[in-house]
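Descriptive analysis of the structure
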Amino acid sequence: MQITEVESFPIQIPLETPVSFSNRTLTYRDHAITYVRTDEGHEGVGYSLGYDGAGLIADAVNDLLEPLLVGEDPRDTERLWHEMYDGNVQIGRHGLFLRAISTVDIALWDVKAKAAGEPLYKLLGGHADAVPSYGSGGYYRDEKGHEGLRAEMRRYLDKGHDVVKMKVGRKSVQEEEARVAAVRDEIGDDVTLLLDGNGVYPNTTEAVRACRAFEPYDPYFIEEPVMIDRVDTMAEVNDALSYPVATGELEGTRHQFANLVDSGAATILQPDVTVCGGITEWLKIAHYASAYDVPIAPHYNWNIHASLLGAIENGLWIEYFYRDMDVKVFDDVVEEPLAPDDDGMIPLPDQPGHGVPLDKDALAEYRL
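Overview of the structure. (Residues numbered from 1 in each chain as written. Predicted model: local features only at pLDDT ≥ 70, side-chain atom pairs only at ≥ 80, totals over all residues. Heavy atoms only, no water.)

Bringing the overall build of the protein into the picture now. Each helix and strand counted, the protein has 13 helices and 11 strands in total. Whereas a compact globule of 368 residues would reach a radius of gyration of roughly 21 Å, the protein reaches 20 Å, a difference of no more than 12%. With respect to the three principal axes, the spread of C-alpha positions in the protein is 60 × 40 × 35 Å. Here the protein holds 368 residues, and the buried ones make up 59% of them. Within the protein, counting contacts between residues at least 6 apart in sequence, those at least 24 apart form 70% of the total. When the accessible surface of the protein is totalled, it reaches about 13900 Å², and 45% of it is carbon and sulfur. Averaging the coordinates of the 31 positive side-chain charges in the protein and doing the same for the 65 negative ones gives two points 3 Å apart. (Helix = DSSP H or I, 4+ residues; strand = E, 2+ residues; numbered from the N terminus. Rg over C-alpha atoms; globule rule 2.2 N^0.38 Å. Buried < 20%, exposed > 50% of the residue type's maximum accessible area, 1.4 Å probe, protein only. Contact = heavy atoms within 4.5 Å. Areas by Shrake-Rupley, 256 points an atom, 1.4 Å probe, with all protein chains shown as cover. Lys, Arg positive; Asp, Glu negative; His and termini not counted. Charge placed at Lys NZ, Arg CZ, Asp CG, Glu CD.)

Next up, the structure:
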């Protein structure tokens, strides 16, 4: 089998109203979409969030990665990953270029699983046929006060989730404590509460001050209390709190994740397959973590992450966003989006491939 074509392009899906987290306001979501096609008729697809850079990610795929891949066997995922990474190491170890590699690698594994006639999670190990999810939200909107926040969290409980997540850090510590207190009051003591700061706090003192204010409300973890590059600061925060730090959604390869664990900066890892280098690298991160009993709770992208979590022994939860919350909108271009059942479990797709075929008419509508 040979790769005959690699095609990548950006899409942009508008939000109905602006939405904010601690340090950013969004009016749309852009993604880079990558297709890998073969001489035997197999087609695989991968993707990544762009954060205004989807066009640059697509250009990196088309200009620098496709020439390396055409004529190669798409099943040689380990070798091709190193061809892409090592061959561009001077410009591509992190960030945008690693996202480009991620989109290609995901598409290669889609082809590989289709050629094998196996669902991806079975091909990778088949640890579970369904994985637990949590209701993720708690974003900021101008018209959304405590009652709106309570109603949102109540909706997640009514849908069967026993784990929920909310954003913190956009407002003062006192205001944020009141928001967290309102959510805990609404969900009761038996529901697991997760917090996400998106790297908002500038130093150890500010992060610890805020996170300790949340301690009476029994959060299970605080995600990204400080920017991910500040590993020593993250470790100080993790050490100072009675509940752990989780991080990794913006992190790169296994080497960066090993540094997070070795330095004590993270107790729970959140690798994103569309960011860290694709499925090939995501598996290395997850298996490394399993050697230290470190749980994996991947960031966003439930359609692909559900199958990955179903293939490993140390999976924790899948992050799930309801489409009508108008925060994550990628399901608009997915043919058959995955969704939790009444118990908050996501059944894994059983068709060959990774199970995330995209709607080509919708892609054409949103293509830039």
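From this point, the discussion proceeds with the structure in view.
Let's shift gears to the pairing of strand S3 (residues 43-49). Taken across its 7 residues, S3 has 6 buried, putting it largely inside the fold. Of the strand pairs in this sheet, strand S2 (residues 24-38) and S3 are connected by 7 bridges, and their pairing is antiparallel. When the sheet's bridge partners are listed, Val36 is paired in S3 with Gly44. (Pairing = 2+ DSSP bridges.)

Next up on the list: the packing of aromatic side chains. Under the criterion given, the structure shown has 15 aromatic pairs. Aromatic side chains Tyr288 and Tyr292 sit 5.1 Å apart centroid to centroid with 50 degrees between the ring planes, which places their arrangement in the tilted category. Both rings, one in Tyr320 and one in Tyr322, keep their centres 4.8 Å apart while their planes meet at 85 degrees; by these two values the pair is edge-to-face. Side by side, Tyr320 and Tyr322 carry an identical accessibility label, which is buried. (Phe/Tyr/Trp six-rings, centres within 6.5 Å; stacked < 30°, edge-to-face > 60°.)

A separate point is the sheet that holds S3. In spatial order, the strands read S1-S2-S3; together these 3 strands make up an open sheet with antiparallel pairing. Strands at the two margins of the open sheet, each flanked by one partner only, are strand S1 (3-21) and S3. Ignoring strand direction, the axes of neighbouring strands in this sheet form an average angle of 20 degrees. In the sheet, S1 pairs with S2 via 14 bridges, with the strands oriented antiparallel. The partner of Ile3 across the bridge, within S2, is Thr38. Lying on the sheet, helix H1 (residues 54-69) is in contact with S1, S2 and S3; it crosses S1 at an angle near 165 degrees. (Axes fitted to C-alpha atoms, helices over the stretch in contact; angles between N-to-C directions.)

Moving on: unusual backbone geometry. Despite not being glycine, Tyr51 has its phi angle at roughly 45 degrees, a positive value. Within the secondary structure, Tyr51 is located in the loop between S3 and H1. We note that Asn198 has phi near 50 degrees; this positive angle belongs to a residue other than glycine. Structurally, Asn198 is set in the loop between strand S6 (192-196) and helix H8 (204-214).

Once that is clear, we can look at the side chain of Asp326. Mapped onto the elements, Asp326 comes out in the loop between strand S10 (318-320) and strand S11 (345-347). Using a relative accessible area of 5% as the deciding quantity, one classes Asp326 as buried. A distance of 3.3 Å separates a polar side-chain atom of Asp326 from the backbone nitrogen of Thr17. Setting aside residues up to four positions removed in sequence, Asp326 forms contacts with Leu15, Glu16, Thr17, Val19 and Arg141. (Polar contact = N/O pair within 3.5 Å; in protein donor to acceptor, adjacent residues only side chain to side chain.)

We now examine the environment of Ile3. Locating Ile3 in the fold gives a position in strand S1. Since its relative accessible area comes to 2%, Ile3 is described here as buried. Through-space distance from the C-alpha of Ile3 to that of Gly41 is 9.8 Å; in sequence the pair is 38 residues apart. Among all residues touching Ile3, those that are not within four sequence positions of it are Val36, Arg37, Thr38, Leu69, Val70, Gly71, Glu72, Pro74, Leu80 and Leu108.

The subject of this paragraph is the side chain of Asp73. With respect to the helices and strands, Asp73 occurs in the loop between H1 and helix H2 (77-86). Only 2.9 Å separates the side chain of Asp73 from the side chain of Arg75, close enough to count as a polar contact. Once you skip the residues sitting within four places of it in the chain, Asp73 turns out to touch Met1, Arg79 and Leu80.

Geometric descriptors of this kind do not, in isolation, establish any biological role.
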